[in-house]
Amino acid sequence: MFHHVKDLQFNARVSRPDPRFANLLLEQFGGENGELAAAMQYFTQAFGAKQPHPDKYDMLMDIATEEFSHLEIVGATIQMLLKGINGELKNAADTSEIMQAMDGKAARENIIHQALTANPQFCIITGGGVTPRNSQGIPWCASYVNSNGDLTVDLRTNLASESRAKLVYEHLMKFTDDPYIHETLSFLMTREVTHYKMFEAALESIQPNFPPGVLAADPRYVQKVFNMSAGTVRGPWNEGEIPGMGKNWEYIAEPISYVNETDGLSVQEKGMDKRLADAEKLNKKMSDEKSEEVKSTEPKGVAQWSEYEAVV
């Protein structure tokens, strides 16, 4: 049950109208890295986590709800930046507030032109209203949402989502000198960092969480790193120990020769039969555990999502 509190989570303010930046800020309203995408992503991911991971369900719903509140902050800021776009911009008087902000008729026409060139729908179709579109006028799309039904995969996806959103806010801050907007963007950017660390902690609390999914990596191929370009640089991604696996990388310096000599990787190394058998046992063990993890939390008989407490 959602209950809307009309006061914003953060005291969003703007110093003056700025249609150009309002259009840019639409990226965080209806763009692929914006607040609506984040809210819907965590909201949908939460459903699959409800039974096996009720604590993570709570976290995902909390963060999803906060993302909706951030969407409201972004929308409110856009609307404040458009103060006068439907009224005073139509006012021929040079004494109107936006005319003073734009310093005259020529500047006013220039700023309208720039706003319309970037996104003509913003002023023509929506009339300056905030709709789920990005800064180019492209409608929000459900393909922005990633929900894979495996919580460890979803949490890793969310780490990337929060990283991208933080970067967008950093870029947006370069395009305005309004100190109030900087405060708002700094708040929103910082909450991306907070959510990143929350998702990171949640992922760490699920053990084992590697590899993603259920099946173990095939031991015939997992350690091999192929030199696929001239002048490959060596580093911890292709030499030494594989992080967290207790095995070393096997660097294939001449991949064409290696593939030919092994008949397309079909020739097994000595002792590989045992390693394959061990991997198959692990697959069976993990499959049983993951299946039981979900089934053991499913309700018997009539399914009921919530437990309601009587109010005395």
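Note that the structure is a prediction, hence the values are computed from the model and not measured.

Each value, and the rule that gives it
Residues numbered from 1 in each chain as written. Predicted model: local features only at pLDDT ≥ 70, side-chain atom pairs only at ≥ 80, totals over all residues. Heavy atoms only, no water. 1 Å grid on protein atoms, 1.4 Å probe; cavity = no way out; pocket = protein on both sides within 12 Å on 5 of 7 lines; lining within 4 Å. Points joined across faces, edges and corners; volume = space filled by probe spheres on them. Helix = DSSP H or I, 4+ residues; strand = E, 2+ residues; numbered from the N terminus. Nonpolar A, V, L, I, M, F, W, Y, C, P; charged D, E, K, R; others polar. Salt bridge = Lys/Arg side-chain N within 4 Å of Asp/Glu carboxyl O. Buried < 20%, exposed > 50% of the residue type's maximum accessible area, 1.4 Å probe, protein only. Polar contact = N/O pair within 3.5 Å; in protein donor to acceptor, adjacent residues only side chain to side chain. Contact = heavy atoms within 4.5 Å. Phe/Tyr/Trp six-rings, centres within 6.5 Å; stacked < 30°, edge-to-face > 60°. Lys NZ or Arg CZ within 6 Å of the ring centre and 35° of its normal. pLDDT = per-residue confidence, 0-100.

## Regarding empty space enclosed by the protein
In this approach, a probe sized like a water molecule rolls over the atoms, and the result shows the empty space that is left.
Thought 1: Summed over all chains, the structure comprises three cavities of 30 Å³ or more.
Thought 2: Roughly 110 Å³ of volume is contained in the largest cavity.
Thought 3: Lining the largest cavity are 15 residues; nearest its centre among them are Glu-32, Asn-33, Ala-37, Ala-38 and Ser-161.
Thought 4: When contributions to the lining of the largest cavity are tallied by element, the ones reaching two or more residues are helix 3 (35–49) and helix 8 (151–173).
Thought 5: Partitioning the lining of the largest cavity into residue classes produces five nonpolar, five polar and five charged.

## Some points on the pattern of salt bridges
Thought 1: Applying the stated criterion to the full structure yields 11 salt bridges.
Thought 2: The partner of Glu-66 in a salt bridge is Arg-191, and the shortest N-O contact between them spans 2.7 Å. Of this pair, Glu-66 sits in helix 4 (residues 54–81) while Arg-191 is found in helix 9 (residues 179–204), placing the two residues 125 residues apart along the sequence.
Thought 3: Here Glu-66 falls in the buried class, since its relative accessible area comes to 14%.
Thought 4: Across the pair Asp-278 and Lys-274 runs a salt bridge whose closest N-O atoms are separated by 3.0 Å.

## Structural notes on the side chain of Thr-77
Thought 1: Looking at where Thr-77 falls in the secondary structure, it is placed in helix 4.
Thought 2: Overall, the relative accessible area of 2% leaves Thr-77 in the buried class.
Thought 3: At a separation of 2.8 Å, a polar atom in the side chain of Thr-77 contacts the main-chain carbonyl oxygen of Ile-73.

## What about the environment of Gly-30?
Thought 1: Summarising the element assignment, Gly-30 is placed in helix 2 (residues 27–30).
Thought 2: Distance from Gly-30 to Gly-75, taken between C-alpha atoms, is 9.8 Å for residues 45 residues apart in sequence.
Thought 3: Apart from the residues lying within four places of it in its own chain, the contact partners of Gly-30 are Pro-132, Arg-133, Asn-134, Trp-140 and Tyr-144.

## Some remarks on the packing of aromatic side chains
Thought 1: Enumeration according to the criterion identifies 10 aromatic pairs in this entry.
Thought 2: Pairing Phe-43 with Phe-68 gives two aromatic rings, centres 6.5 Å apart and planes at 75°, and the pair type is edge-to-face. In this pair, Phe-43 sits in helix 3 while Phe-68 sits in helix 4, placing the two residues 25 residues apart along the sequence.
Thought 3: Among the aromatic residues, ring-to-ring pairing joins Phe-2, Phe-43, Phe-47, Tyr-57, Phe-68 and Trp-305 into one connected group.
Thought 4: Looking at Lys-50, its charged tip hangs above the ring of Tyr-57, at a distance of 5.3 Å from the centre.
Thought 5: The ring of Trp-305 has Lys-50 lying over it, and the distance from NZ or CZ to the ring centre is 5.1 Å.

## Overview of the confidence of the model for the protein
Thought 1: Mean pLDDT over the protein stands at 84; residues scoring 70 or higher make up 85%.
Thought 2: Scored below 50 in pLDDT, residues 92–96 makes seven contacts in the model with residues more than four places away or belonging to other chains.

## Observations regarding unusual backbone geometry
Thought 1: For the bond running from Gln-207 to Pro-208, omega is -5°, close enough to zero to count as cis.
Thought 2: Here Pro-208 lies in the loop between helix 9 and strand 1 (224–226).
Thought 3: A cis amide bond, omega -5°, links Phe-210 with the succeeding residue Pro-211.
Thought 4: Note on placement: Pro-211 falls in the loop between helix 9 and strand 1.
Thought 5: For Asp-263, which is not glycine, the phi torsion reads 50° and is therefore positive.
Thought 6: Here Asp-263 falls in the exposed class, since its relative accessible area comes to 55%.

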